[in-house]
Amino acid sequence: TINVTNFMDGIDGLIGLQALVFGVHVLGLGGDGLAATLGAALAGASAGFLAWNWAPARIFLGDVGSADIGYVMALLGVLLGRDAGVPVVTAFLPLYPIFLDAAATLVRRGRAGASLTQAHRDHLYQRLASQGWGHARVSALYGAAAALGVLVARWNVPAVHPLPTASYFLAVGLAGFLLDRDLRGRTSRSSGKASA
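Visitor: What's the story with unusual backbone geometry in this structure? I'm lost.
Guide: What is expected of a backbone is that most residues other than glycine have negative phi and most peptide bonds are trans. In this structure, P56 follows A55 across a cis peptide bond, with omega equal to -5°. With respect to the helices, strands and loops of the structure, P56 is situated in the loop between α3 (34–53) and α4 (62–84).

Below, the structure is given as structure tokens:
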């Protein structure tokens, strides 16, 4: 979680909005335990941070801030299980969009023989932001996908329901695939026009 938040903290508002949505998620499912209290704190801190981090950002998380948020989100997911008996899949469901982007990027780079330890701009969110979507629109897209995960998670208490969970995984994965394919098509068309 720490590495993923650090990987994904590359545009204005993305991780701040993910943390806000995740904090609300934990607050909603945490009952009256420590998880709910810390979820409320994460949501409140993230909302205050977003006022300054939304595009165009005036402050940034940096490596230390994103690592801390990643640690807190991992801790909150564990506390949801301990305090409220929330299944692990349900606890972390709203983070699926950022985990999928990070995992797909690592797999794609590994298959291409690219170094997995070098800095790059290959994440889907980075390519969307740089190819016309802009920071705010991309962050809002990922935030909406996380919020959909919150709604599906509500279905999964006290037990995971496979159909809505699998549908959510497939819908987010398909959306990412289609966006990636569209970006690759645009890049190919641009390259073809430039060489013509």
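The discussion continues.
Visitor: Any chance you could explain the layout of surface pockets here in plain terms?
Guide: To locate leftover empty space, one rolls a probe as large as a water molecule over the atoms. Put simply, the largest pocket is a space of about 390 Å³. Elements with a minimum of two residues in the lining of the largest pocket: α6 (96–111), α7 (124–133), α8 (135–155) and α9 (162–195). The residue makeup of the lining of the largest pocket, split by class, is 14 nonpolar, two polar and four charged.

Visitor: Explain the nonpolar core to me, please; I cannot follow it from the model alone.
Guide: Soluble globular proteins tend to pack their nonpolar side chains together in the buried interior. M8, V138 and Y142 are the most contacted members of the largest nonpolar core, which has 37 residues in total. Elements with a contribution of two residues or more to this core: α1 (2–8), α2 (14–29), α3, α4, α6, α7, α8 and α9. In terms of residues, this core owes the most to one element, α2, which gives six residues. Filtering out sequence-adjacent residues up to four positions away, Y142 remains in contact with M8, L14, Q18, P97, I98, D101, L124 and Y125.

Visitor: Is there a simple way to explain the environment of S130 in this structure?
Guide: With respect to the helices and strands, S130 occurs in helix α7. Separated by 119 residues in sequence, S130 and I11 place their C-alpha atoms 9.8 Å apart. Engagement of the side chain of S130 in a polar contact is seen with the backbone oxygen of R127, the distance being 3.3 Å.

Visitor: How should I be thinking about a nonpolar patch on the surface in this particular structure?
Guide: Where nonpolar side chains cluster on the molecular surface, the patch consists of I2, L34, L38, Y71 and L75 and spans about 420 Å² of accessible area. If you list the elements that add at least two residues to the nonpolar patch, you get α3 and α4. Summarising the element assignment, L34 is placed in helix α3. The class of L34 is partly exposed, set by a relative accessible area of 44%.

Visitor: Would you mind going over α8 with me for this structure?
Guide: What sets the pattern is the α-helix's 3.6 residues per turn: residues three or four places apart point alike. The first and last C-alpha atoms of α8 sit 31 Å apart over 21 residues, in line with the 30 Å expected at 1.5 Å per residue. The complete set of buried residues in α8 reads V138, S139, Y142, G143, A145, A146, G149, V150, V152 and A153.

Reading the values: rules and limits
- Residues numbered from 1 in each chain as written.
- Predicted model: local features only at pLDDT ≥ 70, side-chain atom pairs only at ≥ 80, totals over all residues.
- Heavy atoms only, no water.
- Helix = DSSP H or I, 4+ residues; strand = E, 2+ residues; numbered from the N terminus.
- 1 Å grid on protein atoms, 1.4 Å probe; cavity = no way out; pocket = protein on both sides within 12 Å on 5 of 7 lines; lining within 4 Å.
- Points joined across faces, edges and corners; volume = space filled by probe spheres on them.
- Nonpolar A, V, L, I, M, F, W, Y, C, P; charged D, E, K, R; others polar.
- Core = buried A, V, L, I, M, F, W, Y, C linked by side-chain atoms within 4.5 Å.
- Buried < 20%, exposed > 50% of the residue type's maximum accessible area, 1.4 Å probe, protein only.
- Contact = heavy atoms within 4.5 Å.
- Polar contact = N/O pair within 3.5 Å; in protein donor to acceptor, adjacent residues only side chain to side chain.
- Patch = residues over 30% accessible without salt bridge, like charges linked within 9 Å, V, L, I, M, F, W, Y side chains within 5 Å.
- Areas by Shrake-Rupley, 256 points an atom, 1.4 Å probe, with all protein chains shown as cover.
- Salt bridge = Lys/Arg side-chain N within 4 Å of Asp/Glu carboxyl O.
- Expected span 1.5 Å × (residues − 1).

Remember, this is a structural readout, not a statement about activity or role.
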